[in-house]
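Geometric and topological summary
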Amino acid sequence: MPNALEGRTDKFELFLIKPSHYDEDGYVIQWVRSTMPSNSLAAVNGLACGASKRQILGPDTTINVTAIDETNTRVRPKDIIRRFRKNGNFGFVGLVGVQSNEFPRALDLAQKFLDAGIQVIIGGFHVSGCLAMLEEMPADLRVAQQKGITFFAGEIEEHFDEVIKDAAVRELKPIYDHMAELPGIGTVSAPPFLEKKFVERTVGNVTSFDAGRGCPFQCSFCTIINVQGRKSRYRSPDSVEEIIRSNYKQGVNRFFITDDNFARNKDWEAIYDRLIKLREIDGLDLGFMIQVDTQCHKINNFIEKSARAGVTRVFIGLENINPDNLIAAKKRQNKLTEYRKMLLAWKDVGLMTFAGYILGLSNDTPQSIRRDIKIIQDELPIDALEFFILTPLPGSEDHQVLDKKGVAMDKDMNLYELEHVVTDHPKMSRQEWQQAYHDAWNDFYTPQHLETILRRAFVSGIKLRRLMIVLLWFSGAVPVERVHPLQAGLFRRKIRTERRPGMPIEPVWVFYPKYLGEIVSKSIAFARRWRQLDLMIRRIEQDHNAGRYTDAAMQPVEDDHMEDMELYTQTQSARTAVTRERRVAGL
Ligand code: SF4
């Protein structure tokens, strides 16, 4: 321990902020209740609380930890600066889990703290991804470093104590680069944790944790493999139980397991057996959301045990149904013909399925996207489909290849939230591509298809009123709130004076009438959608034949038919696809 700390009786302020990002009008995207809990914030907060408990700055120094998720809580820099002033700026602000689209907002917040003499550290996928994949630090990172911001790259589990001690003597290094040594997470002494008062700011009181990190696959658009590695690392079942029990004790019993692919967690069965014991023997009321790949149904017992373990919602990386596109994106593990089989297997145990679909892979055109959406509607029994624009995220192979080739990419990182086109496409203009994204939401969530989804759900035993909320959220977020469902929340907050630097602060008489008008028109739009879904459900409930509903997507897949589906969507020869794959990989 450096001498500077000896005998000091102090409060070390540790503010952990997960920043949001700006909407197209320059206002911070923020909700009274957000939907997705931040795993990075929970992970770093758990470690910070652990460090505080262990009194790593000595018995006379309290480490005061405050966690803020900006998507559901307003960050008030003036109040934070006041708190630091009381202690002579003893402590630091950590901007955690910062993704590329959040980096500009993180920099704007950081500037206010730096101006007040407070130390700032930024960590997360943007910093780690850029350092992992680019030969040179990009301009935005260089600017941040010149301002005096410290970067943390990699995973902080084994290094947080060092960072706190360096900050305590104001000797933070410009960069802590631990990308090369990713830690084991089997038995981390301070696992992810957020107090209930923070969890309550999400819809449904959901918290999150990762049961594993890393993924063996090689999707070219993915940042996870280059930041968390391709070698998977896992928490032990004991550690998972500890996370669940500590949350249960404070009344939090719904969890989002954030592993990109829980089916590839080699300990999935041991973890599920523990969850089954907690539910069936110890009587804990638990619910989980997980993410899996399209081959998960081939793992013996995985789906059955998911249901018994308390999983209620499953996110599946469908990504795209055009086989050429999948090969070009190195998503070989996705075989179209297996999709329906897999979705029906989830339906058999009555679980809700969500699938992600990427728009803008190299073979996509506005016409092919429309065709593919129709195929999905007719052939695949998905409950909620979400669209993303293929985005060369810093940290992905796609970004690295484009960067090396000098291909133009938008410089504003705020746009890298998978809803904006940021580079050119071989077959669509940027405008066509952007329009195709907006059309996709409307084309999929038509009133007819919403009713079909509900009818399929009815025969699968899924609770229609629960699905109705999901459908309201997924069908309305983009057309009504103008944000992706994963970024949407309950009741949009806008702070007049917190606008992106460079955009004018609107006068009171302009801002408030406009804001009020938006609230009214959005409320009417959502009320209409609610009424429409409500009427559909009543119709289904009163229909005596509803229990016998079936359509092509509900038919078990036979091998011949699987081949038909493949032929139907295959638009290019395998030879062309392999050539394209090589081109994408830059070989
Ligand atoms: S399966 Fe998911 S985590 Fe794995 S490489 Fe593909 S996108 Fe990344």
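Below: a short report on this structure. Predicted model, so just to flag it, every value in this text is computed and none were measured.

Let's talk about the packing of helix α10 (residues 268-280) against helix α11 (residues 302-309)
- Two elements in contact, α10 and α11, have axes separated by 8 Å at closest approach and are oriented at 35°. Along this stretch, α10 crosses α11, giving a crossing that reads as left-handed. Residues W268, E269, Y272, D273, L275, I276, R279 and E280 of α10 touch α11, and the partners they reach there are F302, K305, S306, A307, R308 and A309.
- Within the contact of α10 with α11, the residues separate by chemical class into seven nonpolar, one polar and six charged.

Description of the environment of L182
- Mapping L182 onto the fold places it in the loop between β7 (175-177) and α7 (196-199).
- Judged by its relative accessible area of 28%, L182 is partly exposed.
- Considering only alpha carbons, one finds L182 and I225, 43 residues apart in sequence, at a separation of 12 Å.
- L182 has contacts with E155, V227, Q228, G229 and R233, leaving out every residue within four places of it along the chain.

Observations concerning the nonpolar core
- Among the nonpolar cores identified, the biggest contains 97 residues, and I290, F302, W346, L385 and F387 are the most heavily contacted of them.
- Here the element with the most residues in this core is helix α18 (residues 464-481); it accounts for ten residues.
- Leaving out residues up to four positions away in the same chain, F302 has contacts with F262, A263, W268, Y272, I290, V292, C296 and W346.
- In terms of nonpolar packing, the next biggest core, distinct from the first, is built from 31 residues, A42, A67, F90 and F152 among them.

Focus on the environment of V96
- Tracing the sequence through the fold places V96 in the loop between β4 (91-95) and α3 (103-115).
- As for V96 and R233, which are separated by 137 residues in sequence, their C-alpha atoms are 21 Å apart.
- Apart from residues lying up to four places away in sequence, V96 is in contact with L16, I17, K18, P19, L41, V44 and G123.

Examining the packing of helix α2 (residues 77-86) against α3
- For the pair α2 and α3, the least separation of the axes is 10 Å and the interaxial angle reads 35°. Between α2 and α3 the crossing geometry is right-handed. Here P77, I80 and I81 of α2 come into contact with α3, specifically with L109, K112 and F113.
- Counted by class, the contact of α2 with α3 contains five nonpolar, no polar and one charged residues.

Things to note about the packing of aromatic side chains
- As enumerated under the stated definition, the model contains 25 aromatic pairs in all.
- Measuring from centroid to centroid gives 4.9 Å for F511 and Y512, while their planes differ by 90°, and the two rings are edge-to-face.
- Looking at F511, the relative accessible area reads 2%, which means it is buried.
- In textbook terms, an aromatic cluster arises when at least three aromatic residues are bridged by ring pairs, as seen for Y357, F387, Y437, W441, F444 and Y445.
- Cation over ring: R492 sits above W31, and NZ or CZ is 5.9 Å from the ring centre.

Side note on helix α14 (residues 366-379)
- An ideal rise of 1.5 Å per residue puts 20 Å on 14 residues; α14 measures up with 20 Å between its terminal C-alpha atoms.
- The complete set of buried residues in α14 reads P366, S368, I369, D372, I373, I375, I376, Q377 and E379.

A closer look at the sheet that holds strand β12 (residues 287-292)
- Read from one edge to the other, the open sheet built from six strands follows the order β8-β11-β12-β13-β14-β15, with strand pairing classed as parallel. Every other strand in the sheet has two partners, leaving β8 (206-209) and β15 (384-389) as the edge strands with one partner each. Averaged over all neighbouring strand pairs, the angle between strand axes comes to 20°, with direction disregarded.
- Sheet strands in contact with helix α9 (residues 237-249) are β8, β11 (254-257) and β12, and its direction is about 160° off that of β8.
- Contacts from helix α16 (residues 430-444) reach β14 (352-359) and β15, with the element oriented near 175° to β15.

Describing the sheet that holds strand β3 (residues 61-69)
- One open sheet holds the six strands; their spatial order is β3-β1-β4-β5-β6-β7, and the pairing between them is parallel. The sheet is open, and its two edges are formed by β3 and β7, each paired on a single side. Direction aside, the axes of adjacent strands within the sheet are offset by 20° on average.
- Taken together, the four bridges between β4 and strand β5 (residues 119-123) define a ladder with parallel strand orientation. Bridging from a neighbouring strand, G94 pairs with I121 of β5.
- Contacting β1 (10-18), β3 and β4, α2 crosses the sheet at an angle of about 160° to β1.
- Taken strand by strand, helix α4 (residues 125-133) contacts β5, β6 (150-153) and β7, and its axis lies near 75° from that of β6.

What counts, and at which threshold
Residues numbered from 1 in each chain as written. Predicted model: local features only at pLDDT ≥ 70, side-chain atom pairs only at ≥ 80, totals over all residues. Heavy atoms only, no water. Axes fitted to C-alpha atoms, helices over the stretch in contact; angles between N-to-C directions. Helix = DSSP H or I, 4+ residues; strand = E, 2+ residues; numbered from the N terminus. Left-handed = near helix turned anticlockwise from the far one by under 90°. Contact = heavy atoms within 4.5 Å. Nonpolar A, V, L, I, M, F, W, Y, C, P; charged D, E, K, R; others polar. Buried < 20%, exposed > 50% of the residue type's maximum accessible area, 1.4 Å probe, protein only. Core = buried A, V, L, I, M, F, W, Y, C linked by side-chain atoms within 4.5 Å. Phe/Tyr/Trp six-rings, centres within 6.5 Å; stacked < 30°, edge-to-face > 60°. Lys NZ or Arg CZ within 6 Å of the ring centre and 35° of its normal. Expected span 1.5 Å × (residues − 1). Pairing = 2+ DSSP bridges.

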